[in-house]
Amino acid sequence: MTRQTLTLFDPALIRPALIDALRKLDPRVQWRNPVMFVVYVGSAFTTALAAARPDTFTIGVTVWLWFTVLFANFAEALAEGRSKAQAASLRGLKKQTWAKRLEGDYHHGALRTAMKWHPLEADSLRKGDVVLAEAGDTIPADGEVIDGVASVDESAITGESAPVIRESGGDFSAVTGGTRVLSDWIVVRVTVNPGETFVDRMIAMVENAKRQKTPNEIALTILLVALTIVFLGVVVTLLPFSAFGVQAVAAPGGTGQPVSLVILVALLVCLIPTTIAGLLSAIGVAGMSRMMQANVIATSGRAVEAAGDVDVLLLDKTGTITLGNRQASACFPPQA
């Protein structure tokens with residue numbers, strides 16, 4: 001798998017994230033995060049007040065509230081951008097290749113020089129098609145070797161450092177689209193249709209991973225919503241109490257006045273756990289992105305949480321850490 005390393009504030013991520021932050025101002029998107037939706041409604045409310053009676057304080061509070069909403073959107077869009085970049089790097093494995101599709105019905109054991117083929121785009125192949133792959137060719141799709149034997153470089157897909165032998169029959173007949181034939185030739189019968197290849201499934205896993213919440217994240221969201229409701233009730237009751245207090249204790253001709261709606265909205269945003277709610281989804285996506293940098297695809301947020309408890313990782317493929325053609329470096333005769 002090709003690894004793409006991006007810094008935290010890489011320009012390739014910043015620019016799309018800024019655009020996505022504005023797109024996420026759609027109320028249908030904001031509703032997915034109840035706490036930030038309250039801030040979103042408060043921002044719209046203070047904007048209406050600033051338009052009706054413009055003053056420095058109201059405009060300043062409105063600007064800060066919108067900045068809070070946009071910052072939460074930007075953090076989430078930035079984290080999602082890293083996942084999209086990883087998916088894009090996987091799509092890079094799906095280079096446009098041409099397949100050598102054999103004409104007519106193929107008979108096992110046919111001479112290489114007698115094979116007739118015509119070029120065809122890899123995306124046009126269907127399950128059951130038979131193609132020829134020679135030295136230097138890229139295998140156009142997932143399939144099964146039905147004739148020939150060849151050395152295949154699968155490092156781009158599996159990370160295997162040494163070439164592997166693929167031949168018809170047995171356990172070494174399966175080949176993956178996007179791998180490259182290094183020597184000899186093989187005849188491959190395509191076993192999948194477009195969109196069902198190994199790389200396509202990997203891309204789908206990366207793109208769908210960020211949509212699943214962990215049980216802890218769901219529980220934390222419920223807690224944040226409960227706290228928001230409590231503080232919302234507290235702030236709502238402040239306005240009538242403030243009006244009653246001004247009427248009860250203000251001296252005749254005094255200048256006392258109830259607390260303004262702008263201040264109440266600003267107080268609500270300060271009381272509710274805005275920061276946690278704004279960064280909750282971004283943290284979840286960023287955790288999966290960190291695992292993707294290590295070429296580990298997590299299909300759910302629960303897998304990311306489980307990875308935090310892993311102390312030992314066992315790998316069953318020794319080819320990633322050895323030469324493949326292992327050679328003796330020294331001989332030690334038995335001692336008498």
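Residues numbered from 1 in each chain as written. Predicted model: local features only at pLDDT ≥ 70, side-chain atom pairs only at ≥ 80, totals over all residues. Heavy atoms only, no water.

## So, the overall build of the protein
Then comes step 1: Check the secondary structure of the protein and you find ten helices and seven strands.
Then comes step 2: Burial statistics for the protein: of 336 residues in total, 36% are counted as buried.
Then comes step 3: For the protein, contacts bridging at least 24 residues in sequence account for 74% of all contacts bridging at least 6. (Helix = DSSP H or I, 4+ residues; strand = E, 2+ residues; numbered from the N terminus. Buried < 20%, exposed > 50% of the residue type's maximum accessible area, 1.4 Å probe, protein only. Contact = heavy atoms within 4.5 Å.)

## Quick look at the side chain of Asp142
Then comes step 1: For Asp142, the location among the structural elements is in the loop between β3 (130-134) and β4 (143-153).
Then comes step 2: Asp142 sits in the buried class, given a relative accessible area of 8%.
Then comes step 3: Only 2.7 Å separates the side chain of Asp142 from the backbone nitrogen of Gly177, close enough to count as a polar contact.
Then comes step 4: Once residues within four sequence positions are removed from consideration, Asp142 is found in contact with Val175, Thr176, Gly177, Val190, Thr191, Val192, Thr197 and Phe198. (Polar contact = N/O pair within 3.5 Å; in protein donor to acceptor, adjacent residues only side chain to side chain.)

## Remarks on helix α8 (residues 261-271)
Then comes step 1: All of the buried residues along α8 are Val262, Leu264, Val265, Leu268 and Val269. Relative to the axis of α8, the buried residues are bounded by an arc of 165° and lie together on one face. (Arc of directions from axis to C-beta.)

## Points about the pairing of β4
Then comes step 1: Counting buried positions along β4 gives eight out of eleven residues, so the element sits mostly inside the fold.
Then comes step 2: Bridge count between β4 and strand β6 (residues 174-175): two bridges; the pairing is antiparallel. From the neighbouring strand, Gly143 faces β6, where its bridge partner is Val175.
Then comes step 3: One ladder, built from ten bridges, connects β4 with strand β7 (residues 180-190); its direction is antiparallel. Across the sheet, Gly143 pairs through a bridge with Val190, a residue of β7. (Pairing = 2+ DSSP bridges.)

## Let's talk about unusual backbone geometry
Then comes step 1: The phi dihedral of Asp184 is positive, around 65°, even though this residue is not glycine.
Then comes step 2: Along the polypeptide, Asp184 turns up in strand β7.

## Observations concerning the pairing of strand β1 (residues 98-102)
Then comes step 1: Looking at chain direction, β1 and strand β2 (residues 117-121) are connected through five bridges and run antiparallel. Note on β2: the bridge partner recorded for Lys100 is Pro119.
Then comes step 2: Sheet topology places β1 next to β3; two bridges connect them, and they run antiparallel. Its bridge partner lying in β3, Lys100 is registered against Leu132.

## What to know about the confidence of the model for the protein
Then comes step 1: Here the protein shows a mean pLDDT of 77. Residues at 70 or above account for 71%.
Then comes step 2: The lowest-confidence element of the protein is helix α6 (residues 198-209), averaging 67 in pLDDT; the highest-confidence one is helix α3 (residues 34-52), averaging 90. (pLDDT = per-residue confidence, 0-100.)

## Here we look at the pattern of salt bridges
Then comes step 1: Taken as a whole, this structure holds seven salt bridges when the rule is applied.
Then comes step 2: Measuring nitrogen to oxygen at the nearest pair gives 4.0 Å for the salt bridge that ties Asp153 to Arg180. Placement of the pair is Asp153 in strand β4 and Arg180 in strand β7, with a sequence separation of 27 residues.
Then comes step 3: What emerges from the salt-bridge pattern is a single network uniting Lys100, Glu134 and Asp137. (Salt bridge = Lys/Arg side-chain N within 4 Å of Asp/Glu carboxyl O.)

## What about the environment of Gly233?
Then comes step 1: By the element assignment, Gly233 lies in helix α7 (residues 215-249).
Then comes step 2: The class of Gly233 is partly exposed, set by a relative accessible area of 35%.
Then comes step 3: Taking the C-alpha atoms as reference points, Gly233 and Leu268, separated by 35 residues in sequence, lie 9.7 Å from one another.

## Considering the packing of aromatic side chains
Then comes step 1: Under the criterion given, the structure shown has five aromatic pairs.
Then comes step 2: For the ring pair Phe37 and Tyr40, a centre distance of 6.2 Å and an interplane angle of 25° mean the geometry is stacked. You can see Phe37 and its partner Tyr40 sitting in helix α3, three residues apart, about one turn around the helix.
Then comes step 3: Judged by centre distance (5.7 Å) and plane angle (85°), the ring pair of Trp64 and Phe67 falls under edge-to-face. Within this pair, Trp64 and its partner Phe67 are both found in helix α4 (residues 56-91), separated by three residues, close to a single helical turn.
Then comes step 4: For Trp64, a relative accessible area of 60% translates into the label exposed.
Then comes step 5: What links up through ring pairs into an aromatic cluster is the set Trp31, Phe37, Tyr40 and Trp66.
Then comes step 6: Taking NZ or CZ as reference, Lys100 lies 5.2 Å from the ring centre of Trp117, over its face. (Phe/Tyr/Trp six-rings, centres within 6.5 Å; stacked < 30°, edge-to-face > 60°. Lys NZ or Arg CZ within 6 Å of the ring centre and 35° of its normal.)

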